[in-house]
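# Structural description and commentary
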Amino acid sequence: MKKPTTKQLNWLKRGLQQAGGKLPLFDRSGKHYDNRLIQACITHGWAEPWFNNPLKPDWLVCKLTENGRAACTKAMPSSD
């Protein structure tokens with residue numbers, strides 16, 4: 001199973017604490033996430049489109065999948 005890049009993992013981890021695993025549209029600096037990053041995560045099964053945004057149809061509103069949760073969990077250091 002392919003591992004997420006650091007940028008992909010940082011985006012995916014933000015969905016762990018959100019209701020329904022909602023993934024953010026913007027990074028912590030307010031910059032819109034690159035659609036290539038989002039599409040790559042969808043392609044690998046770590047994220048999936050959630051719903052269409054009628055005001056901004058080009059924005060992908062996504063949520064974390066179970067595979068995405070597993071990828072985040074595997075990447076987290078253990079507490080041993």
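Refer to the preceding data block for the structure.
Ranked by internal contacts, the top residues of the largest apolar core, which has 14 residues, are Trp11, Leu12, Leu23, Ile38, Cys41, Ala47 and Cys62. Among the secondary structure elements, those contributing two or more residues to this core are helix H1 (6–13), helix H2 (35–43), strand E2 (60–64) and helix H3 (66–75). Setting aside chain neighbours within four positions, we find Ala47 in contact with Trp11, Leu12, Leu23, Cys41, Ile42, Cys62, Lys63 and Thr65.

This next bit is on the pattern of salt bridges. Inspection of the entire model under this criterion finds three salt bridges. The closest approach of N and O atoms between Asp34 and Arg36, which form a salt bridge, is 2.6 Å. By relative accessible area, which is 65% here, Arg36 ends up exposed. Note that Glu66 is salt-bridged to Arg69, the shortest N-O span being 3.9 Å. With a gap of three residues between them, Glu66 and Arg69 both fall in helix H3, about one helical turn apart. Given a relative accessible area of 26%, Arg69 falls into the partly exposed group.

Reading the values: the criteria
- Residues numbered from 1 in each chain as written.
- Predicted model: local features only at pLDDT ≥ 70, side-chain atom pairs only at ≥ 80, totals over all residues.
- Heavy atoms only, no water.
- Core = buried A, V, L, I, M, F, W, Y, C linked by side-chain atoms within 4.5 Å.
- Buried < 20%, exposed > 50% of the residue type's maximum accessible area, 1.4 Å probe, protein only.
- Helix = DSSP H or I, 4+ residues; strand = E, 2+ residues; numbered from the N terminus.
- Contact = heavy atoms within 4.5 Å.
- Salt bridge = Lys/Arg side-chain N within 4 Å of Asp/Glu carboxyl O.

So far we have only geometry, and geometry alone does not tell us how the molecule works.
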